Amino acid sequence: MRNRTGLTRRSLGKALAASGAAALVSSSPFLRGAEAKAAAPAARPLSREQKKDLAKALSDTEKTLNKLRARDLDESVAPAFAIAIPEERRP
Amino acid sequence: MSGADLLALPVSELSPLLLSRKVTATALAEMSLARLEELGPRYNAVALVTRDLALEQAREADREIAAGRHRGPLHGIPYGAKDLLDTKGLRTTWGARPYSARVPDSDAEVIGRLREAGAVLVAKLAMIELAGGLGYNIAAASATGPAKNPWKTDCWTCGSSSGSGAAVAARLVPFAIGSETWGSILCPSSFCGVTGLRPTYDRVSRRGAMALSWTMDKIGPLAKSARDCATVLSAISSRPIAFDGSVDPRKLRVAFLDLDFGKFGEKEVAAAFENALGALRSAGVEIREAKLPDLPFEDVAGIVIQAEAAAAFENLEKSGRVFELADPDAPLAFEIARKIGATDYIKAMRLRTVMQEAMARFFSEWDLVLAPTERYVASRLDRKLDEALAGPDVLGGAGNLCGLPAVSVPCGFGKEGLPVGMAIVGAPWREENVVALAELYQANTDWHTKEPPK
């Protein structure tokens, strides 16, 4: 990818107040430094800035998911697991 | 002719020199290897120089050509491959420290196809770690350090095919292989002033390539011209493809997107794109404004990539080695992805169906759509990328989510003399349309022949 997807961390700083995000941050396994280090030698606790980043990213993701959840789709629409338009259907 | 001069030639001019034996594949490989070894570190463009393999392949090419067994236009041409394509017995690190000792026991399909075409692998090229699969916000998110733009070494190449863009621009190799999940071929092509081709999803086999997003990864070439990209794509495509000149680009229905540069973007980029439209119109192409379907392409693409990447790299999280990545925020990607439920992912994929159908309708009215590849020229190495590349990328989201082929061609210069690219996007499986317009543009302009300072 050319950089982080638009969902994550468009800006920093305002985030901890966002809905539900603070609770998620405080329960993140990455925040329990000692346990994380025991599981992974290179693990390190999140910095204050990273916590803010994470909270913002979680909040952004939640908002995006809510937008997608709110979209109505006809029952006939199947997932695009076959991906791109098959060659036999090329326009 | 010096090595730099010779390596500045496109494949279409090098190939006749090799066939007529005015230049040998061995000499060409030696020139490329020398430049990779000398200049590769200047740009942080190289993960591994494959000297022994290259000379072996080049000597074999010379023997075959001398014996009259010419394999085609890539025979004896040196190239570099993004370091996410497996190479038998040669380190393939995915640009990431946790995989620094990874040595595959077979070649990726693309590497095999290029070997069959007689191309000479001279280097594995640097990349953003894991092709940016866990997200990244710094140019230095790579085991080889920040890739430096040959046009201005304190600026970035873009990613994730960073080394591929830099190596072609700096005349280290005549062409390179990159990959794109969202922007990773087109953006480095734009920032480095080279031509890049993103094929239709599934056009090129992903066997032996690192998976970031199984449903969005594509592999394609970066080179000096659209003609060269077409030549390489013909060699690596899993399905037959013919660029036989039968498409008249003047008869194609061409649209452009009038992007709003008021809030995001640089006016010099907008001006270069305007000039490019003017050049195409002067060449006889009718171009009219169009709008993409009003659908949340970027949101859905983001959800799909985040969910698939977190699954693809779950072993990194389990082992804790994710903390060895250069971007300190990489571990956060798993936390974020856990918010995406199974029904959310399925919903995104159902919306993807709607979007693919909407784009199919769009392409029943148009053959091609044009826009600036990026709103900006290359950013400084130390800038945060979410600021440097701020703004919507609707055509990128739609193109990658719907598996659409695209070419980025150099179309001028912006701030500080840095290259600007124009994206030409087509309907699925219609690479010949995309290439035909790109070739017409390059026949009428010379931006693709400009070279960075020596």
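If you're wondering where the values come from, they're calculated on a predicted model, not measured in any experiment.

A.B. asks: Quick question: what am I supposed to make of the overall build of chain A here?
C.D. replies: A tally of helices and strands in chain A yields three helices and zero strands. The burial tally for chain A puts 42% of its 91 residues in the buried class. Element-wise, carbon and sulfur atoms account for 54% of the exposed surface of chain A, whose accessible area totals about 5000 Å².

A.B. asks: Just checking my understanding: could you explain the overall build of chain B for this structure?
C.D. replies: A count of helical and extended segments in chain B gives 16 helices and 13 strands. Taking 2.2 N^0.38 as the reference for a compact globule, 454 residues should give roughly 22 Å; the C-alpha atoms of chain B span a radius of gyration of 20 Å, in line with that estimate. Its C-alpha atoms give chain B principal-axis dimensions of roughly 60 × 60 × 40 Å. The 454 residues of chain B split such that 67% are buried. Long-range pairs, those at least 24 residues apart, make up 78% of the contacts in chain B between residues at least 6 apart in sequence. Of the accessible surface of chain B, which amounts to about 14900 Å², a share of 50% is contributed by carbon and sulfur atoms.

A.B. asks: I keep staring at the confidence of the model for chain B and nothing clicks. Help me out?
C.D. replies: The predicted coordinates ought not to be read in detail in places where the model reports low pLDDT. With 100% of its residues at a pLDDT of 70 or more, chain B shows a mean pLDDT of 96. Across the interfaces of the predicted complex, the ipTM metric reaches 0.82, alongside a pTM of 0.92.

A.B. asks: Sorry if this is basic, but what is going on with the state of the cysteines here?
C.D. replies: Covalent bonding between the sulfur atoms of two cysteines is what defines a disulfide. Residues and elements named next belong to chain B. Considering all chains together, one arrives at one disulfide over all chains under this definition. Each sulfur in the disulfide pair Cys158 and Cys187 lies 2.0 Å from the other. Taking the sign of the S-S torsion, 100 degrees for the link of Cys158 and Cys187, the bridge is right-handed. Separated by 29 residues along the polypeptide, Cys158 in the loop between strand E5 (152–156) and helix H6 (162–169) and Cys187 in helix H7 (residues 186–192) bring together distant segments of the chain. In this structure Cys158 comes out as buried when scored by relative accessible area, which is 0%.

A.B. asks: What is the right way to read the packing of helix H9 (residues 267–282) of chain B against helix H16 (residues 431–444) of chain B from this model?
C.D. replies: Relative placement of two packed helices is described by the angle separating their axes and the distance separating the axes. Residues and elements named next belong to chain B. Contact pair H9 / H16: the axes reach a minimum separation of 9 Å and the direction vectors enclose 95 degrees. In terms of orientation, H9 lies roughly perpendicular with respect to H16. Across from Ala276, Ala279 and Leu280 in H9, the residues of H16 making contact are Leu437, Leu440 and Tyr441. Across the contact of H9 with H16, the residue classes tally to six nonpolar, no polar and no charged.

A.B. asks: It is not clear to me how the packing of aromatic side chains should be interpreted in this structure. Could you clarify?
C.D. replies: Given two aromatic rings, their pairing is described by the distance between the two centres and the angle made by the two planes. All names here are of chain B. Using the criterion set out here, one finds six aromatic pairs over all chains in the structure. Each ring, one from Phe362 and one from Phe363, has its centre 5.2 Å from the other, and the planes form 90 degrees; the classification is edge-to-face. Classification of Phe363 by relative accessible area gives buried; the value is 3%. Of the aromatic side chains, those joined through ring pairs into one cluster are Trp151, Phe413 and Trp447. The lysine or arginine in question, Arg375, covers the ring of Phe261, its NZ or CZ lying 5.6 Å from the ring centre.

A.B. asks: How should the interface of chain A and chain B be read in this particular structure?
C.D. replies: As a measure of interface size, the accessible area lost when the parts come together is often cited. Between chain A and chain B, the contact holds 48 residues from the first and 70 residues from the second. Buried area between chain A and chain B, summed over both chains or domains, comes out near 5300 Å², and the portion from carbon and sulfur atoms is 60%. At the junction of chain A and chain B, the tally comes to four salt bridges. Between Glu49 of chain A and Lys384 of chain B there is a salt bridge; the shortest N-O distance is 3.9 Å. The interface formed by chain A and chain B contains 13 residue pairs in polar contact (both at pLDDT 80 or more).

A.B. asks: Would you explain the pattern of salt bridges in this entry?
C.D. replies: Where side chains of opposite charge bring their charged atoms close, a pairing between them can arise. Residues and elements named next belong to chain B. Within this structure, the stated rule accounts for 38 salt bridges over all chains. Between Glu37 and Arg51 there is a salt bridge whose closest N-O contact spans 2.9 Å. Pair noted here: Glu37 is in helix H3 (residues 25–43) and Arg51 is in helix H4 (residues 51–66), with a separation of 14 residues, a long-range link. When the shortest N-O distance is used, the salt bridge between Glu432 and Arg430 registers 3.3 Å. Assessed through its relative accessible area of 25%, Arg430 is described here as partly exposed.

A.B. asks: What's the story with the environment of Arg171 of chain B in this structure? I'm lost.
C.D. replies: Mapped onto the secondary structure, Arg171 of chain B falls in the loop between H6 and strand E6 (175–180). Of note is the side chain of Arg171 of chain B, whose polar atom sits 3.2 Å from the side chain of Glu451 of chain B.

A.B. asks: Please explain the pairing of strand E11 (residues 368–372) of chain B as it appears in this structure.
C.D. replies: Two faces make up the sheet, and in a regular strand the side chains alternate between them. Residues and elements named next belong to chain B. Most of E11 is tucked away: five of the five residues are buried. As paired elements, strand E9 (residues 254–256) and E11 share three bridges and run parallel to each other. Considered in E11, the bridge of Val254 is made with Leu368.

A.B. asks: Which parts of the structure should I look at to understand unusual backbone geometry?
C.D. replies: For residues other than glycine, phi is negative in most cases, and the peptide bonds are mostly trans. Residue and element names in this part refer to chain B. That bond from Gly159 to Ser160 is cis: its omega, 10 degrees, falls within 30 degrees of zero. Relative to the helices and strands, Ser160 resides in the loop between E5 and H6. Not every positive phi belongs to a glycine, and Glu416 is a case in point at roughly 55 degrees. Note that Glu416 resides in the loop between strand E12 (406–413) and strand E13 (419–426). In this structure Glu416 comes out as partly exposed when scored by relative accessible area, which is 49%.

A.B. asks: Quick question: what am I supposed to make of the environment of Thr157 of chain B here?
C.D. replies: Residues and elements named next belong to chain B. Looking at the secondary structure, you find Thr157 in the loop between E5 and H6. When its relative accessible area of 0% is taken as the criterion, Thr157 is described as buried. Distance in space between the C-alpha atoms of Thr157 and Pro405 is 22 Å, their sequence separation being 248 residues. Apart from residues no more than four positions distant in its own chain, Thr157 is found in contact with Ala147, Lys148, Asn149, Ser162, Ala166, Cys187, Pro188, Phe191 and Cys192.

Cut-off values and rules
- Residues numbered from 1 in each chain as written.
- Chains lettered and ligands numbered in written order.
- Predicted model: local features only at pLDDT ≥ 70, side-chain atom pairs only at ≥ 80, totals over all residues.
- Heavy atoms only, no water.
- Helix = DSSP H or I, 4+ residues; strand = E, 2+ residues; numbered from the N terminus.
- Buried < 20%, exposed > 50% of the residue type's maximum accessible area, 1.4 Å probe, protein only.
- Areas by Shrake-Rupley, 256 points an atom, 1.4 Å probe, with all protein chains shown as cover.
- Rg over C-alpha atoms; globule rule 2.2 N^0.38 Å.
- Contact = heavy atoms within 4.5 Å.
- pLDDT = per-residue confidence, 0-100.
- Disulfide = S-S within 2.5 Å.
- Axes fitted to C-alpha atoms, helices over the stretch in contact; angles between N-to-C directions.
- Parallel < 35°, antiparallel > 145°, perpendicular 65-115°, else oblique.
- Nonpolar A, V, L, I, M, F, W, Y, C, P; charged D, E, K, R; others polar.
- Phe/Tyr/Trp six-rings, centres within 6.5 Å; stacked < 30°, edge-to-face > 60°.
- Lys NZ or Arg CZ within 6 Å of the ring centre and 35° of its normal.
- Buried area = accessible area lost by both parts, 1.4 Å probe.
- Salt bridge = Lys/Arg side-chain N within 4 Å of Asp/Glu carboxyl O.
- Polar contact = N/O pair within 3.5 Å; in protein donor to acceptor, adjacent residues only side chain to side chain.
- Pairing = 2+ DSSP bridges.

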